[in-house]
Amino acid sequence: MIKEQTIELEITDLNNLGNGVGRYDGQVVFVRGAVKGDVVKAKVIKVNKSFAVAKLLEVITPSPDRIEDFCDAPLSCGGCVYRHMSYESELELKRGHVKAEFVKAGLPDVNVLPVLSTKKVGGYRNKAQYPVARSKNGTYAGFYAAKTHNVILAENCSIQNPEFAPILRFVCEFADRCGWSVYDEESGRGLLRHIYLRIGEKTEQIMLCLVINGESLPEEESFAKKIREAHPKIVSVMINVNKENTNVVLGERYRTLCGKDGIEDELCGLRFFISPASFYQVNRDGAELLYNKAAELAALRGGEVLMDLYCGTGTIGLSMAKKAKRLCGIEIVESAVECAKENAARNQIDNARFICADAGDKDVILAAAGGVRPDVVIIDPPRKGSTRELVECLADLCVPKIVYVSCGPDTLARDCVWFRERGYEIGEVQPVDMFPRTGHVESVVCLTRRLDN
């Protein structure tokens, strides 16, 4: 193959980046926008020794799994990588990706169950951070095109909550009327950087936070009043100050223009306060599905000491606290620990405590558990997974049951290898589709201590 060559090939697989995979003269070719089972015409745009990349020109024979495009946003958006295929096929593909990681890690015997899903594939995201740009037609908000910092118009993103689009338009129109300047990454000048929105799906409360390269905006008080009049569900209007020339969206300082300092939502029968800096699952219904499955695997009977490691703001542990004798959460981010304590108080849960510490320290875990070995430990680490040190620590403590929640199938499989080496049986892996139409999938698995260890 050579660059600019037009080729015809059958797509035999699809990866988690949404690229169709085919072979031409024995060489692997990746084609974005192609679906497994398609026969396509494509133009080669990159060639190296191990693979080639081609641009889709035409679908000659569509796959039975191909559907009409799920979203109106340009293909360059890169968010919904499975926007051209049926949801049933997407779920089976995600199951296959999880299984492949366990096979790759040397655990082919581990059973991966069919993916759990709420079946809601659109409008499920309760949080969005939109970069702002300006064209000859005025200010607009959208998302960065894949692998660039070029802002593409994507107000009507199909996976974002539909309440967000009219609020975005109001902000952009007000910005033009008041002459708010728009931030330019190259020069580091301009005021308005991002529009940050969150919604409590049960409470319908909306938080609007404007990220600015300065201390204030012209007519900001008038703006706050008018947008709340136009959109009464907005209960919090805030400013975030980010003067750094950085790709990080949010700065460290917040200021409330009007209303509350955040919003509230209900999850698993509990009520949580969500500040702009708080972690909260972007798919509330999916989170309930995941947490309920984790609770099922924990199988608490009321007398157990439950420990929640990497607990964040405490949502998973608190959702199970009333079924345990005692809950202790450990988290290294101090602000998240304070949020967890507030959430426990808000829900009148008095058998929970949260401490700010490194979860990989055996003495910390024992002290947090009141000097006794925890009966059940929940771990929900970041995408990079847990650590060998924590696995060794839990194994040395002979913790009987560990419920592992993961957003990275590769690191979950790696960590399961470590747990098996230290005497744990790996239960069935349950994927949960928290992020429909994207290449991400959560999983949960129960690890139990073997009796001969």
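Just so it is clear, the model here is predicted, and its values are computed rather than measured. (Residues numbered from 1 in each chain as written. Predicted model: local features only at pLDDT ≥ 70, side-chain atom pairs only at ≥ 80, totals over all residues. Heavy atoms only, no water.)

Before going further, it helps to spend a moment on the nonpolar core. Ranked by size, the top nonpolar core spans 87 residues in total, and within it Ile195, Leu208, Leu210 and Phe223 carry the most contacts. For this core, the element with the most residues is helix H2 (residues 164-178), which contributes nine residues. When neighbours within four sequence positions are excluded, Leu208 is seen to be in contact with Ile167, Val171, Ile195, Tyr196, Leu197, Phe223, Ile227, Ile234, Ser236, Val237 and Met238. The next biggest cluster of nonpolar side chains, apart from the first, holds 38 residues, and it includes Val305, Met307, Leu394 and Ile402. (Core = buried A, V, L, I, M, F, W, Y, C linked by side-chain atoms within 4.5 Å. Buried < 20%, exposed > 50% of the residue type's maximum accessible area, 1.4 Å probe, protein only. Helix = DSSP H or I, 4+ residues; strand = E, 2+ residues; numbered from the N terminus. Contact = heavy atoms within 4.5 Å.)

It is worth spelling out helix H3 (residues 220-230) at this point. The complete set of buried residues in H3 reads Glu220, Phe223, Ala224 and Ile227. Down the axis, H3 shows its buried residues gathered within 100° of arc, on one side only. In H3, those exposed residues whose orientation departs by more than 90 degrees from the buried face are Glu221, Lys225 and Glu229. Where H3 is buried, its residues contact H2, strand E10 (206-212), strand E11 (234-241) and strand E12 (253-259). (Arc of directions from axis to C-beta.)

Take the sheet that holds strand E6 (residues 127-135) next. Taking strand neighbours across the sheet as the criterion, the seven strands line up as E8-E7-E6-E9-E10-E11-E12 in an open arrangement whose pairing is mixed. Taken across any chain shown, the strands that pair with only one partner, and hence form the sheet edges, are strand E8 (151-153) and E12. Taking the axes of each pair of neighbouring strands and ignoring which way they run, one obtains an average angle of 35° across the sheet. When strand E9 (residues 192-199) meets E10, the two strands line up antiparallel, connected through seven bridges. The partner of Arg198 across the bridge, within E10, is Met207. (Pairing = 2+ DSSP bridges. Axes fitted to C-alpha atoms, helices over the stretch in contact; angles between N-to-C directions.)

Glancing now at the environment of Pro276. The topology assignment puts Pro276 in the loop between strand E14 (270-274) and helix H4 (284-298). The residues contacting Pro276, other than those within four sequence positions of it, are Tyr196, Arg198, Met207, Met238, Leu250, Tyr254 and Asp261.

With that settled, the discussion passes to unusual backbone geometry. Leaving glycine aside, a negative phi is the common case for residues, and trans is the common case for peptide bonds. The phi dihedral of Gln348 falls on the positive side, at around 55°, and the residue is not glycine. Its place among the elements puts Gln348 in the loop between helix H6 (334-346) and strand E17 (352-356). According to the relative accessible area criterion, Gln348 is exposed, its value standing at 71%.

A word on the pairing of E11. The element E11 is largely enclosed, with a buried count of eight among its eight residues. Bridging between E10 and E11 involves seven bridges; their strand directions are parallel. Each residue of the ladder has a partner; that of Leu210, found in E11, is Ile239. Judged from the six bridges that link them, E11 and E12 form a sheet pairing that is antiparallel. Along E12, the bridge assignment pairs Asn240 with Tyr254.

Quick look at the pattern of salt bridges now. Overall, the coordinates contain 28 salt bridges when judged by the stated rule. Between Lys94 and Glu90 there is a salt bridge, with the nearest N and O atoms lying 2.8 Å from each other. Separated by four residues within a single helix, Lys94 and Glu90 lie in helix H1 (residues 87-104), roughly one turn from each other. For the pair Lys94 and Glu90, a shared accessibility class is recorded, and that class is buried. Between Arg388 and Glu421 there is a salt bridge, with the nearest N and O atoms lying 2.7 Å from each other. Taken together, the residues Arg388 in helix H8 (residues 388-396) and Glu421 in helix H9 (residues 409-421) connect sequence positions 33 residues apart. Accessibility expressed as a relative area gives 35% for Arg388, which makes it partly exposed. By sharing partners, the salt bridges in this structure join Arg388, Glu392, Asp396, Glu421 and Arg422 into a single network. (Salt bridge = Lys/Arg side-chain N within 4 Å of Asp/Glu carboxyl O.)

You can see Asn347 is positioned in the loop between H6 and E17. Judged by relative accessible area, which is 12%, Asn347 ranks as buried. At a separation of 2.7 Å, a polar atom in the side chain of Asn347 contacts the main-chain carbonyl oxygen of Arg271. (Polar contact = N/O pair within 3.5 Å; in protein donor to acceptor, adjacent residues only side chain to side chain.)

Moving on: the packing of aromatic side chains. In this description, an aromatic ring pair is defined by two values, namely the gap between the centres and the angle between the planes. As enumerated under the stated definition, the model contains eight aromatic pairs in all. Ring plane angle 70° and centroid distance 5.6 Å describe the contact between Phe30 and Phe51, whose orientation is recorded as edge-to-face. With Phe30 in strand E3 (residues 27-32) and Phe51 in strand E5 (residues 51-61), the pair connects residues that are 21 residues apart, well separated along the chain. Each ring, one from Phe170 and one from Phe223, has its centre 6.3 Å from the other, and the planes form 50°; the classification is tilted. Pair noted here: Phe170 is in helix H2 and Phe223 is in helix H3, with a separation of 53 residues, a long-range link. Each member of the pair, Phe170 as well as Phe223, is classed as buried. Through pairs of rings, three or more aromatic residues link up here, namely Phe170, Phe174, Trp180 and Phe223. We note Arg193 situated over the ring of Tyr183; from NZ or CZ to the ring centre the distance is 3.9 Å. A cation over a ring is seen here: Arg437 above Phe70, with NZ or CZ 5.0 Å from the ring centre. (Phe/Tyr/Trp six-rings, centres within 6.5 Å; stacked < 30°, edge-to-face > 60°. Lys NZ or Arg CZ within 6 Å of the ring centre and 35° of its normal.)

Geometric values such as these leave the question of function open.
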